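# Reading the structure
For reference, the chains in residue letters:
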Amino acid sequence: MEHLINSNVKDIEISGIRKFFNLVAKYDDVLSLTIGQPDFPTPTHVKEAGKAAIEMNKTVYTPNAGIPELRKAATEFVTKKYKMDYDPETELIVSIGASQGIDIAFRTILEPETEVILPGPVYPGYEPIIKLCGAIPVHIDTRETGFQLTADLIEKNITEKTRCIILPYPSNPTGAALPETELRKIADLLQDKDIFILSDEIYSELVFEGKHQSIATLPGMREKTIVINGVSKSHSMTGWRIGLVFGPEYVMKQMLKVHQYNVSCASSVSQYAALQALTTGINDAEDMKVQYQERMNYVYGRLGEMGLEVVKPSGAFYLFPSIEKYKMKSFDFALKLVEEAGVAVVPGSAFSELGEGYVRLSYAYDMQTLEKAMDRMERFLKNL
Ligand SMILES: Cc1ncc(COP(=O)(O)O)c(C=O)c1O
């Protein structure tokens, strides 16, 4: 009866990041720079808050949108950090990681045959959901603009069918961010257009120079922007699965229905841990960020010495060097690197066709691992 399975589901593929991660698992002595999650443990005080929630039997369903204390803390967090202004009662949903937030956002606003503009190369979590909604992903080539989706590029690709534009900055896999000047140009362009923006700001706490700015804070943008955030990357809480979705009330009240029938609510225990993270732990990301930046500078420098072309990241914890000069498919390059040098990176093709010719390195690993991996990679490239 396989023919009865939803064809949209059959058409989507397992993430190339996971595929490669599973493939390298069978090799011994591999230094893996593949996974996009912080190497730091969840802060102790946050773990304690989770434990306390269990002890206090806070283990029952919560309101669909999340516990009121967390909603209040989350809106205050984004006000203090990024000058964003949301009503905790009606303009925020606590989701199961940013991933489920992205899912409910798309399912609330997309319809079959509508188009979604997204930069390429791009995080692979959007395209499958867009397709499950019957909508059409339109990848825009950002290789010539430092991986930034510019107002000019957007303007050239808007059609009558465009329903949403994804701004995933700071970016996974490139580390690029959008400067305020470009955000303003995009805001000017979209001001009078009925197009949603999905702004994935999950790496907002990991911006190296200056402060993160959300497009939702620019004139006229709040009413058309859905902001995705969460504690996975900022507080090293990937396994707790807490995301945050902010948006104007008219969108969120519809999205809450999707969320309610999808999952009822996020884990109660994790919500109490996230409450601790966003209150007492409001600046927990600072120390981690300093270390990421040190590591980034180190790996960026080493890749440059190896003669690889790479855009210097503004945030997150990835580098995306070009391997085009080796005239190999990124998958073949990455496989050879594992087999011959014992270093695993993710083939750029995992981040859309526009990622072909690149590889992604995560530097969410300790310095010793990074040093060893860079030494191995350097030897490998000398012999290539
Ligand atoms: C850009 C981006 N958005 C969303 C996610 C998903 O985050 P979460 O683990 O909170 O679901 C990731 C995870 O790697 C990501 O890189």
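Residues numbered from 1 in each chain as written. Predicted model: local features only at pLDDT ≥ 70, side-chain atom pairs only at ≥ 80, totals over all residues. Heavy atoms only, no water.

As annotated in an unreviewed UniProt entry, the protein chain carries the name Aminotransferase and comes from Sutcliffiella horikoshii. The record in UniProt for the protein chain states the following under Cofactor (unreviewed entry): "pyridoxal 5'-phosphate". In the Sequence similarities (unreviewed entry) part of its UniProt record, the protein chain is described as follows: "Belongs to the class-I pyridoxal-phosphate-dependent aminotransferase family." (UniProt positions renumbered as here; feature names shortened; annotations may be inferred.)

Let us look at the site of the ligand. What surrounds the ligand is a group of 13 residues, the closest being Ala98, Ser99, Asp200, Ser232 and Lys233. Contact between the ligand and Asn172: an oxygen atom at 2.8 Å from a side-chain N or O atom of the residue. Note that an oxygen atom of the ligand is positioned 2.8 Å from one of the side-chain N or O atoms of Tyr203. Relative to its unbound accessible area of 400 Å², the ligand is 91% covered by the protein chains. The element that contributes the greatest number of residues to the shell around the ligand is helix H5 (residues 97-109), accounting for four residues. (Near = heavy atom within 4 Å. Polar contact = N/O pair within 3.5 Å; in protein donor to acceptor, adjacent residues only side chain to side chain. Areas by Shrake-Rupley, 256 points an atom, 1.4 Å probe, with all protein chains shown as cover. Helix = DSSP H or I, 4+ residues; strand = E, 2+ residues; numbered from the N terminus.)

A surface patch of nonpolar side chains, amounting to about 230 Å² of accessible area, comprises Ile5, Val9 and Leu132. Structurally, Leu132 can be placed in helix H6 (residues 127-132). Judged by its relative accessible area of 38%, Leu132 falls in the partly exposed class. (Patch = residues over 30% accessible without salt bridge, like charges linked within 9 Å, V, L, I, M, F, W, Y side chains within 5 Å. Salt bridge = Lys/Arg side-chain N within 4 Å of Asp/Glu carboxyl O. Buried < 20%, exposed > 50% of the residue type's maximum accessible area, 1.4 Å probe, protein only.)

One pass over the full model with this rule turns up 19 salt bridges. For Arg222, the salt bridge identified is with Glu91, shortest N-O distance 2.5 Å. Of this pair, Arg222 sits in the loop between strand E6 (196-200) and strand E7 (225-230) while Glu91 sits in the loop between helix H4 (68-82) and strand E2 (92-95), and the two are 131 residues apart along the sequence. Exposure remark for Arg222: the relative accessible area of 22% places this residue in the partly exposed category. Put simply, Glu286 and Lys289 hold a salt bridge, and the shortest N to O gap is 4.0 Å. Of the two residues, Glu286 and Lys289 are both situated in helix H11 (residues 285-305); the distance of three residues between them amounts to about one turn of the helix. Where salt bridges share partners, they join Arg302, Asp375, Glu378 and Lys382 into one cluster.

Moving on, we come to the pairing of E2. By the alternation rule, side chains of E2 split into Leu92 and Val94 and Ile93 and Ser95, which are all buried. Bridging between E2 and strand E8 (residues 243-246) involves four bridges; their strand directions are antiparallel. Each residue of the ladder has a partner; that of Ile93, found in E8, is Val245. (Pairing = 2+ DSSP bridges.)

With that settled, the discussion passes to H11. End to end, H11 covers 30 Å across 21 residues, agreeing with the expected 30 Å (1.5 Å per residue, within 8%). In this structure, the buried residues of H11 make contact with strand E9 (318-319), strand E12 (359-362) and helix H13 (367-382). Two residues or fewer after H11 comes Gly307, characterised by a positive phi angle close to 85°. (Expected span 1.5 Å × (residues − 1). Contact = heavy atoms within 4.5 Å.)

A word on the side chain of Ser234. When you line up the elements, Ser234 lands in the loop between E7 and E8. Within the local environment of Ser234, its side chain forms a polar contact with the side chain of His235, the two groups lying 2.8 Å apart.

What follows covers the UniProt feature "domain: Aminotransferase class I/classII large" (unreviewed entry) in the protein chain. As recorded in UniProt, the feature "domain: Aminotransferase class I/classII large" (unreviewed entry) lies at residues 29-376. Strand forms 14% of residues 29-376 and helix 38%; the C-alpha atoms that close the span are 12 Å apart.

The strand order across the open sheet built from seven strands is E2-E8-E7-E6-E5-E3-E4, with neighbouring strands paired in mixed fashion. The open sheet has two edge strands, E2 and strand E4 (136-141), and neither has a second partner. Averaged over all pairs of adjacent strands, the angle between their axes in this sheet comes to 20°, without regard to strand direction. Note: strand E3 (residues 115-120) against strand E5 (residues 162-167), three bridges, orientation parallel. By the bridge assignment, Val116 is partnered in E5 with Cys164. Running over the sheet, H5 touches E2, E5, E6, E7 and E8 and is turned about 165° from E7. (Axes fitted to C-alpha atoms, helices over the stretch in contact; angles between N-to-C directions.)

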